[in-house]
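# Structure assessment
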Amino acid sequence: GPPVRTFTPLYFAEEPQDAVSVRGASALLNCSARGEPAPRIQWRKDGALLNLGSDDRRQLLPDGSLLIHSVVHSKHNKPDEGYYQCVATVESLGTIVSRTAKLTVAGK
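The paragraphs below set out a description of the structure included in this document. Predicted, not measured: the structure shown is a model, and the values here were computed from it.

### Overview of the environment of Asn 51
Residue position: Asn 51 is located in the loop between strand 6 (48–49) and strand 7 (58–60). Within the local environment of Asn 51, its side chain forms a polar contact with the side chain of Ser 54, the two groups lying 3.2 Å apart.

### Overview of the state of the cysteines
The tally for this structure, following the rule as stated, stands at one disulfide. The disulfide that involves Cys 31 links it to Cys 86, with 1.9 Å between the sulfurs. Measuring the twist about the S-S bond at about -70°, one finds the Cys 31-Cys 86 disulfide to be left-handed. With a gap of 55 residues between them, Cys 31 in the loop between strand 3 (27–29) and strand 4 (32–34) and Cys 86 in strand 9 (residues 82–90) connect regions that are remote in the sequence.

Calculation notes
Residues numbered from 1 in each chain as written. Predicted model: local features only at pLDDT ≥ 70, side-chain atom pairs only at ≥ 80, totals over all residues. Heavy atoms only, no water. Helix = DSSP H or I, 4+ residues; strand = E, 2+ residues; numbered from the N terminus. Polar contact = N/O pair within 3.5 Å; in protein donor to acceptor, adjacent residues only side chain to side chain. Disulfide = S-S within 2.5 Å.

Okay, structure coming up:
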């Protein structure tokens with residue numbers, strides 16, 4: 001008979017939650033996705049993909065979470081505060097996007 005196409009699930013095991021950090025502290029946004037083959041994880045901030053390969057402060061952890069080592073925040077420069085989404089891609093299947101998590105940087 002014809003080959004049976006098995007459905008391959010692609011889903012988030014964990015999605016990022018809203019977080020509050022303070023300037024100079026670290027911030028962690030959790031994300032974990034499951035799929036076959038293992039999904040490639042990227043992060044979007046305010047709708048734009050983050051280029052984590054050339055980023056000293058932001059690190060993609062092995063499980064897909066995003067670690068910001070030292071939050072930067074000043075009156076005119078707020079590069080870390082904003083809305084983050086985790087994006088999981090399996091080339092043959094497609095892409096799923098997590099809920100939006102807001103990172104707020106609290107004042108001293």
